[in-house]
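# Coordinates in review
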Amino acid sequence: ILQVNSGANALEYTAKPEGKIVNIAYYTDTTEYNVASSNTWVSATAHNINYTPSSASNILWIEFMPNVRQNSGGSDISFVYELSRTIGGTATAFYESGSQENYIYDSSGGQRFQWQRYFLHKDDAHNTTNQITYSYRFKNPHSNQQLTVSEEGTQTRWRITEYKP
């Protein structure tokens, strides 16, 4: 790369920055999952995505985009989710949302809140070139109001972008 030197009085050549996108993977599924118990986690196994990094030191940007329906009506409702990575049969949770992060309270009742959510996560600790399975589970810790993912054929999406730093 040709640039102006630090004294701002001459041109000089410098090394090209290394960072670049190596690969992008995309997955979508419409399998419906729901929960109506505040103590129950639901694993959305049909929504898992598999990815094999080309380098153990590359960063994986994980875009997780579930379509979530939350009903109101006198009780609190929250979409709490946990993301996990499985490598060689060993699952490790690497993110859990807080109970107020995706929260709704509407005492008027009868409201239906359904939209595509967008969550971005950075996995720079996978340290492997073996296949990784990313998965999630979810619950509503506040009440027994029904929480649904991918209702009536709506899509839950993943996109993984592998980046070489």
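Residues numbered from 1 in each chain as written. Predicted model: local features only at pLDDT ≥ 70, side-chain atom pairs only at ≥ 80, totals over all residues. Heavy atoms only, no water.

### Concerning the overall build of the protein chain
Helix and strand content of the protein chain: zero helices and 17 strands. For 165 residues, the compact-globule formula gives about 15 Å, and the C-alpha radius of gyration of the protein chain, at 21 Å, lies well above that figure. Viewed in the frame of its principal axes, the protein chain has a C-alpha envelope of about 70 × 40 × 25 Å. Counting contacts in the protein chain only where the partners sit at least 6 residues apart, residues at least 24 apart contribute 79% of the total. Looking at the protein chain as shown, the accessible area adds up to about 8600 Å², and 45% of this sits on carbon and sulfur atoms. Taking the 12 positively charged and 15 negatively charged side chains of the protein chain as two groups, their mean positions are separated by 4 Å. (Helix = DSSP H or I, 4+ residues; strand = E, 2+ residues; numbered from the N terminus. Rg over C-alpha atoms; globule rule 2.2 N^0.38 Å. Contact = heavy atoms within 4.5 Å. Areas by Shrake-Rupley, 256 points an atom, 1.4 Å probe, with all protein chains shown as cover. Lys, Arg positive; Asp, Glu negative; His and termini not counted. Charge placed at Lys NZ, Arg CZ, Asp CG, Glu CD.)

### What to know about a nonpolar patch on the surface
Where nonpolar side chains cluster on the molecular surface, the patch consists of L2, V4, L11 and Y13 and spans about 480 Å² of accessible area. Put simply, the parts of the chain that give the nonpolar patch at least two residues each are β1 (2–4) and β2 (11–13). Relative to the assigned elements, L11 resides in strand β2. By relative accessible area, which is 59% here, L11 ends up exposed. (Patch = residues over 30% accessible without salt bridge, like charges linked within 9 Å, V, L, I, M, F, W, Y side chains within 5 Å. Salt bridge = Lys/Arg side-chain N within 4 Å of Asp/Glu carboxyl O. Buried < 20%, exposed > 50% of the residue type's maximum accessible area, 1.4 Å probe, protein only.)

### Notes on the sheet that holds strand β14 (residues 119–123)
Neighbouring strands of a sheet are bound in pairs by backbone hydrogen bonds; such pairs are parallel or else antiparallel. In space, the four strands of this open sheet follow the order β3-β17-β7-β14, with antiparallel pairing throughout. Each edge of the open sheet is held by one strand with a lone partner, namely β3 (20–29) and β14. In this sheet, adjacent strand axes meet at a mean angle of 15° when their direction is disregarded. (Pairing = 2+ DSSP bridges. Axes fitted to C-alpha atoms, helices over the stretch in contact; angles between N-to-C directions.)

### Observations concerning the packing of aromatic side chains
Using the criterion set out here, one finds 12 aromatic pairs in the structure. Centre to centre, the rings of F79 and F119 are 6.4 Å apart; their planes meet at 25°, and the pair counts as stacked. Of the two residues, F79 sits in the loop between β9 (77–78) and β10 (80–87) while F119 sits in strand β14, which places them 40 residues apart along the sequence. The class of F79 is buried, set by a relative accessible area of 0%. Looking at F119, the relative accessible area reads 9%, which means it is buried. (Phe/Tyr/Trp six-rings, centres within 6.5 Å; stacked < 30°, edge-to-face > 60°.)

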